[in-house]
Amino acid sequence: MTTQSLTRCFRFPNVDFEPDVHLLVWRDKTETPLTLHESRLLEALCYCAGEVISHEQLHNKTFSQLDPYEDSGNHHYDLNTVLKPLAAKLDQHGKMAIDIEVVAPYGFRVPLPEKMCRLVHEPEKTEEPETPPIQEQDDQEFRSATEEIVKTSVVHKISVAVLALMALGVITASFMGYL
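Note that the structure is predicted; figures quoted are calculated from it, not measured. (Residues numbered from 1 in each chain as written. Predicted model: local features only at pLDDT ≥ 70, side-chain atom pairs only at ≥ 80, totals over all residues. Heavy atoms only, no water.)

**Some remarks on the overall build of the chain**
As a reminder of what qualifies: Starting at the N terminus, helices and strands are each numbered in turn, a helix being any DSSP run of H or I of at least four residues and a strand any DSSP run of E of at least two. With a 1.4 Å probe rolled over the protein chains alone, any residue whose accessible area is under 20% of its type maximum counts as buried; one over 50% counts as exposed, and the rest are partly exposed. For this analysis, residues touch if any pair of their heavy atoms sits within 4.5 Å.
Scanning the chain for helices and strands turns up six helices and nine strands. By residue count, 29% of the 179 residues in the chain fall in the buried class. Excluding contacts between residues fewer than 6 apart, the proportion of contacts in the chain whose partners are at least 24 apart in sequence is 59%.

The structure is reproduced here in structure tokens:
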């Protein structure tokens, strides 16, 4: 049995970025782990996607409140020490999966994601499953949590049926003059 958690996801053409679990999930289901700093930096950029975010704002969003018990006034972190390894992790066959554009002298920008959603993240399995899954993997691969509930929840189906019957009753009563 695997643990499932609902995570935020920024979906780009070649990769999904899940900031809650510090992962880049590629289309072939491989995962690239990110450090806390890399994840926070990319999350700040994705949250402001399409907009230019200044160096100072990006620095504050990335490095503020790392440890609530730590005196934050004495530390200086350099964005370049985080941007270089992050760019290396985003590189796919010589092309950036999420292009971090430098807009000199104003700041940084990433393109808008295709979709922002919540996904049920299942960690990679280390062993082969005993029985293969019945559903197709491609169908289940890019389903959001809401789609999962709509397609599989019995309670959701019953509530939709009850609402439909109530609507039918109101329409019938209005035609018969009871309302």
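Picking up after the structure, the text goes on.
**Here we look at the pattern of salt bridges**
Put simply, the test is: Just to be clear on terms, a salt bridge is a Lys or Arg side-chain nitrogen sitting within 4 Å of an Asp or Glu carboxyl oxygen.
Under the criterion given, the structure shown has six salt bridges. Here Arg8 makes a salt bridge to Asp20, at a shortest N to O gap of 2.7 Å. Placement of the pair is Arg8 in strand β1 (residues 5–11) and Asp20 in the loop between β2 (15–18) and β3 (23–26), with a sequence separation of twelve residues. Here Asp16 makes a salt bridge to Arg11, at a shortest N to O gap of 3.1 Å. One network of salt bridges, with partners in common, ties together Arg8, Asp20 and Glu43.

**Observations regarding the packing of helix α1 (residues 36–47) against helix α3 (residues 79–90)**
Packed helices, taken two at a time, are described by the angle their axes make and the gap between the axes. Selection rule: Angles shown run from 0 to 180 degrees and are taken between the N-to-C directions of axes, each axis being a line fitted to C-alpha atoms and, for helices, limited to the stretch in contact. By definition in this entry, angles of less than 35 degrees are roughly parallel, angles greater than 145 are roughly antiparallel, angles of 65 to 115 are roughly perpendicular, and the rest are oblique. Residues are grouped as follows: nonpolar covers Ala, Val, Leu, Ile, Met, Phe, Trp, Tyr, Cys and Pro; charged covers Asp, Glu, Lys and Arg; every other residue, Gly included, is treated as polar.
Across the interface, α1 lies against α3 with an axial gap of 9 Å and an inter-helix angle of 85°. The pairing of α1 with α3 is recorded here as roughly perpendicular in orientation. Contacts from His37, Glu38, Leu41 and Leu42 of α1 reach α3 at Leu79, Val82, Leu83, Pro85, Leu86, Lys89 and Leu90. In terms of residue class, the contact of α1 with α3 is built from eight nonpolar, one polar and two charged.

**Description of the packing of aromatic side chains**
Here is the rule: Each pair of aromatic rings taken from Phe, Tyr and Trp, with Trp reduced to its six-membered ring, is defined by centres within 6.5 Å and is described as stacked if the planes are under 30 degrees apart, edge-to-face if over 60, and tilted in the remaining cases.
Considering all chains together, one arrives at one aromatic pair under this definition. Taking the centre distance of 6.1 Å and the plane angle of 20° together, the rings of Phe10 and Phe17 count as stacked. For the residue pair Phe10 and Phe17, the accessibility class agrees, reading buried in each case.

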